[in-house]
Amino acid sequence: GIYHCPHLPERKCSCRKPAPGMLRRAARELGLDLSASFMVGDRERDVRAGLAAGCRAILLGGGPAPEGVGRAGDLPAAVDRILGPGERG
């Protein structure tokens, strides 16, 4: 699925990150277990949305990460962190 928030930031809706609305909607529609899922993002608001939805979170790139968030330099490194090194096919 592809999900996006069509609202302006001033609206303070439940689907604009860091609110978890989009992730919860995806979980309902796709039958996902958010506690067994990862939110990988390159911005703090991405990983905060994941944490608010009950996911584990990985922040890409440099800079400080919120407490409870893993770090990875790039997407392949995040995949290795999730699956373990050498587990990608």
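Preceding this paragraph is the structure being described.
Figured I'd write up the structure that's included with this text. Quick caveat: nothing in here was measured; it's all calculated off a predicted structure.

Observations concerning the overall build of the chain
Then step 1. A tally of helices and strands in the chain yields three helices and three strands.
Then step 2. Reading the chain from its N terminus to its C terminus gives the helix and strand order α-β-α-β-β-α.
Then step 3. Computed over the C-alpha atoms, the radius of gyration of the chain is 13 Å, within 12% of the 12 Å expected from 2.2 N^0.38 for a compact globule of 89 residues.
Then step 4. Counting only C-alpha atoms and orienting by the principal axes, one finds that the chain spans roughly 40 × 30 × 20 Å.
Then step 5. Classification of the 89 residues of the chain by burial places 33% in the buried group.
Then step 6. In the chain, of all internal contacts separated by at least 6 residues, the share reaching a separation of at least 24 is 20%.
Then step 7. Total accessible area computed for the chain in this model is approximately 5800 Å², and 52% of it derives from carbon and sulfur atoms.
Then step 8. Of the charged side chains in the chain, 14 are positive and 10 negative, and the gap between their average positions amounts to 7 Å.

Things to note about the sheet that holds strand 1 (residues 38-41)
Then step 1. Taken in spatial order, the three strands of this open sheet run 1-2-3, and their pairing is parallel. Strands with a single pairing partner mark the edges of an open sheet, and in this sheet they are strand 1 and strand 3 (69-72). Averaged over all neighbouring strand pairs, the angle between strand axes comes to 25°, with direction disregarded.
Then step 2. Note that strand 2 (residues 56-60) and strand 3 share four bridges and pair parallel. Opposite I58, over in strand 3, you have G70 as the bridge partner.
Then step 3. Against the sheet, helix 3 (residues 75-83) contacts strand 1, strand 2 and strand 3, and its axis sits at roughly 155° relative to strand 2.

Brief notes about the pattern of salt bridges
A side chain with one charge can pair with a side chain of the opposite charge if their charged atoms come near.
Then step 1. In this structure the tally under the stated criterion is three salt bridges.
Then step 2. The salt bridge involving D46 is made with K17; its shortest N-O contact spans 2.7 Å. A residue pair is termed long-range when its members are at least 10 positions apart, and D46 in helix 2 (residues 44-53) and K17 in the segment before helix 1 (21-30) qualify at 29 residues.
Then step 3. Overall, the relative accessible area of 6% leaves D46 in the buried class.
Then step 4. Accessibility expressed as a relative area gives 31% for K17, which makes it partly exposed.
Then step 5. The salt bridge partner of R25 is E29, with a shortest N-O separation of 2.9 Å.

Reading guide: rules and limits
Each chain has its residues counted from 1, following the order in which its sequence is written. In keeping with the predicted nature of the model, local features appear solely for residues at pLDDT of at least 70, side-chain atom pairs appear and are counted solely at 80 or more, and the whole-chain, interface and lining totals rest on all residues. As a convention, hydrogens and water are excluded, and side-chain values are obtained from all of the structure's heavy atoms. Helix numbering and strand numbering both begin at the N terminus, where a helix is a DSSP run of H or I of at least 4 residues and a strand a DSSP run of E of at least 2. Each radius of gyration reported is based on C-alpha atoms, and the globular scaling rule is 2.2 Å times the count of residues to the power 0.38. Think of it in three bands: with a 1.4 Å probe and only protein chains considered, a residue is buried below 20% of the maximum accessible area for its type, exposed above 50%, and partly exposed in between. Contacts are assigned to residue pairs that have any heavy atoms within 4.5 Å of one another. Here the open area of atoms and residues is found with the Shrake-Rupley method and a 1.4 Å probe, where only the protein chains shown may cover a residue. Think of it this way: Lys and Arg go in the positive column, Asp and Glu in the negative one, and His and the chain ends go nowhere. To locate a charge, take NZ of a lysine, CZ of an arginine, CG of an aspartate or CD of a glutamate. Two strands are said to pair when DSSP picks up at least two bridges between them. Note on geometry: axes are C-alpha line fits, over the in-contact stretch for helices, and angles between N-to-C directions span 0 to 180 degrees. Any carboxyl oxygen of Asp or Glu within 4 Å of a side-chain nitrogen of Lys or Arg constitutes a salt bridge here.

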